[in-house]
Amino acid sequence: MCGIVGYIGPNSATPRLIAGLRKLEYRGYDSSGIALVAPVNGNNEILLRREVGKIDALQRELDTHPLTADATVGIGHTRWATHGVPSVRNAHPHLSRNGRIAVVHNGIIDNYQELRAQLTARGFEFRSETDTEVLAHLIELNSADTLVDSVRAALRHVQGTFGIAVVSADFPDEMIVARRGSPIVIGSNGTETLVASDVAPIVPYTTSVTFLDDGDIAILTPGRFEIRSLSNASVSREPTSVDWDPGAAEKGGFEHFMLKEIFEQPEALENCLRGRLIEADGAAKLSGLRLEPRDIASLSNLVITACGTSYYAGLHGSYAFEQLAGIPARIEQAAEFRYRNPIVSPDTGVIAISQSGETADTLAAVREAARKGALVCSICNVVGSTIAREAGRGIYLHAGPEIGVASTKAFLCQVAVLNMMALLFGRTRRLSNAEGICIVRAMQQLPNLVRSVLAQNDRICAIAEKIAGCTDAFYIGRGYMYPAALEGALKLKEISYLHAEGYHAAELKHGPIALLDEHVPVIACAPSIPGHDKTMGNIQECRARKAPVIVIASEGDESVSAFTEDVIRIPACHEIVAAIPVVVAEQLLAYHVARLRGEPIDQPRNLAKSVTVE
Ligand code: M6R
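Rules used in this analysis
- Residues numbered from 1 in each chain as written.
- Predicted model: local features only at pLDDT ≥ 70, side-chain atom pairs only at ≥ 80, totals over all residues.
- Heavy atoms only, no water.
- Near = heavy atom within 4 Å.
- Polar contact = N/O pair within 3.5 Å; in protein donor to acceptor, adjacent residues only side chain to side chain.
- Areas by Shrake-Rupley, 256 points an atom, 1.4 Å probe, with all protein chains shown as cover.
- Helix = DSSP H or I, 4+ residues; strand = E, 2+ residues; numbered from the N terminus.
- Nonpolar A, V, L, I, M, F, W, Y, C, P; charged D, E, K, R; others polar.
- Pairing = 2+ DSSP bridges.
- Axes fitted to C-alpha atoms, helices over the stretch in contact; angles between N-to-C directions.
- Contact = heavy atoms within 4.5 Å.
- Parallel < 35°, antiparallel > 145°, perpendicular 65-115°, else oblique.
- Buried < 20%, exposed > 50% of the residue type's maximum accessible area, 1.4 Å probe, protein only.
- Right-handed = clockwise from strand over helix to strand, strands pointing away.

Draft legend 1. Structural view of the site of the ligand. In the neighbourhood of the ligand, 15 residues make up the surrounding shell, with Ser310, Ser354, Ser356, Thr359 and Glu494 lying closest. Contact distances for the ligand include 2.6 Å between an oxygen atom and a side-chain N or O atom of Ser356. Contact between the ligand and Lys491: an oxygen atom at 3.0 Å from a side-chain N or O atom of the residue. Relative to its unbound accessible area of 410 Å², the ligand is 91% covered by the protein chains. Counting residues per element, the ones that place at least two in the shell around the ligand are helix H9 (308-325) and helix H17 (481-496). Class assignment for the residues of the shell around the ligand results in five nonpolar, eight polar and two charged.

Draft legend 2. Structural detail: the sheet that holds strand E24 (residues 522-525). What the five strands build is an open sheet, ordered E23-E22-E24-E25-E26; its pairing is parallel. The open sheet is flanked by strand E23 (499-504) and strand E26 (567-570), the only strands paired with a single partner. Across this sheet, the average inter-strand angle for adjacent strands is 15°, counted without regard to direction. Taken together, the four bridges between E24 and strand E25 (residues 549-554) define a ladder with parallel strand orientation. Residue pairing in the sheet places Cys525 in a bridge with Ile552 of E25. Packing of H17 onto the sheet brings it into contact with strand E22 (472-477), E23 and E24, and relative to E23 it is tilted by some 175°.

Draft legend 3. Representation of the packing of helix H13 (residues 409-429) against helix H19 (residues 579-596). In the contact formed by H13 and H19, the axes pass within 10 Å of each other and the chain directions differ by 170°. Here H19 runs roughly antiparallel to H13, going by the angle between their axes. The segment H13 lies against H19, with Phe411, Leu412, Val415 and Ala416 engaging Ile580, Val583, Val584 and Gln587. Classifying every residue of the contact of H13 with H19 by side-chain character gives seven nonpolar, one polar and no charged.

Draft legend 4. Summary view of the side chain of Asp216. On the secondary structure map, Asp216 appears in strand E12 (residues 216-221). Polar contacts involving the side chain of Asp216 include one to the side chain of Arg237, which spans 2.6 Å. Setting aside anything within four residues of it in sequence, one finds Asp216 in contact with Val177, Ala178, Arg179, Ile227, Arg228, Val235 and Arg237.

Draft legend 5. Seen up close, the pairing of strand E17 (residues 301-306). Most of E17 sits out of view: six of its six residues are buried. Note: E17 against strand E18 (residues 329-333), five bridges, orientation parallel. When the bridges of E18 are listed, Ile304 appears paired with Ile331. Read from E17 through H9 to E18, the crossover connection turns out right-handed.

Draft legend 6. Broad picture of the sheet that holds strand E4 (residues 73-79). Read across the open sheet, the eight strands follow the order E3-E2-E4-E1-E10-E9-E11-E14; overall the sheet is antiparallel. This sheet does not close on itself; its edge strands, each paired only once, are strand E3 (43-52) and strand E14 (240-241). Bridge analysis of strand E11 (residues 208-211) against E14 gives two bridges, and the strand direction is antiparallel. In the strand pairing of E14, Ser208 is matched with Ser241. Against the sheet, helix H1 (residues 13-24) makes contact with strand E1 (3-8), strand E2 (31-40), E4 and strand E10 (193-196), and its axis sits at roughly 155° relative to E1, the strand it touches most. The sheet strands contacting helix H2 (residues 55-64) are E2, E3 and E4, and the helix crosses E3 at an angle near 130°.

Right, here's the structure in full:
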């Protein structure tokens, strides 16, 4: 949540900051701003531009009121509001009282009210409602001989989370960045140094990036940087080489990132599966887990923890582990896990799932599980992300960058990874070679299963036209189709703003069926896998209440034609993989509904890609 970027080098900072902010816009987009250290009449000053709305609005403001091209040091921010409404005065960067220090911040200062009261008592006047402004004033109040010492002294008073970048007109040749809980990545190509909340703004300059750890503070100068600890000890962090094609984060001719990412899914799955399925052994190889068969055999239960879409992938995973490996597995919402004091022990395996690897509640769940002595592993997409690094062992999705706020290809790859993990555990525990081979072959079909749904894009668009004017919708399914129903409803609501609920097909009659009438469509996930007949009965119940029904069914299943002409087909497949093509149909349906309603699909209101606050 919130994106920060900084540039220090020989070139004009403004276009470089704007380009960086555009790559981080997915993290928040209610307002943005930049601050430059610039020579004005022979003296250095901080120049500021901020605007409400997306980066385009900031660019227009800069076109109208340009800043000097001579400034070669600057910081920028794109905001997802936590404290204070989206407005120019609450937009970052924030300035110190004397206007000579500028700060951008991602995270939350928990004790900001206390700090604000103390600073107010000392004569500081606040211009915003944000927690961040206290930082700018604290740095001024704690002025020392060097900027890094001032920042370090200020941060001693701060409780909460931060990733910050600070520039000062009195120290025009450096920038200070620090991290506790919110990601900070640094890269330098020998002449220019950049900092950002993720690697995307840095890769055009260098593919060698360094992730700060919590408690790190760094001094950036043109072409180099030095990392120390907040207690001023010397720190060494190994750079990571980023295997990232900068073009992968462009729309590539698609109208939206979400559509591009939906259509990338066959390739994303191929990358995710590559080298991990061993057909002859009916097994999976997942070296990042660093688990020997005896480690797997010694686990007595699994807890999967995650938020949002990743939670629904985890629910699927819990079924797969129990089915294939016979190991008790449950899913727990990460915020519940972190505060509920769950029972975990050294023979509990905790699997944290997070596309971004930065979700605050999932990260806290990882720490809680580790504290309780569980064996912790992660399933993340973003390489080098905090959850991936803190879990220590885990599996990367290799889905490529996911820019659209609505998660699509990450979900599919999460399900694929969980299936492979369940297969690995199953082969260690109770699955025969023949059964394993059957699962491997089902998994190998995945890219083509997805292609067959993508080929129905026009048909799905036509179905979307029928429901785009509705105000409510239900998704139903059972077994592996239950998480698929939950995920379908989430996709629809988050990008189309149409109210949608996912229910277990059997649960509908326990209350929600009261809401059904001819205006409330029901999307039934009903491929020909175990549970199909029962779901057909539930569809009958919906039709009896005159609800229009859209069915996602297997090819050749003519029983659905009795209920509706609106059928989306998936090829016949094993139940363990059926959720994947079904969810692709749901993604396209949600996409087209949102497009027909004219909504901003890649950046839906109130949301952010990476939820780094609890
Ligand atoms: O990065 P994570 O997978 O931890 O994110 C978790 C959720 O915030 C995320 O899946 C969210 O629900 C998506 N916007 C759904 O499309």
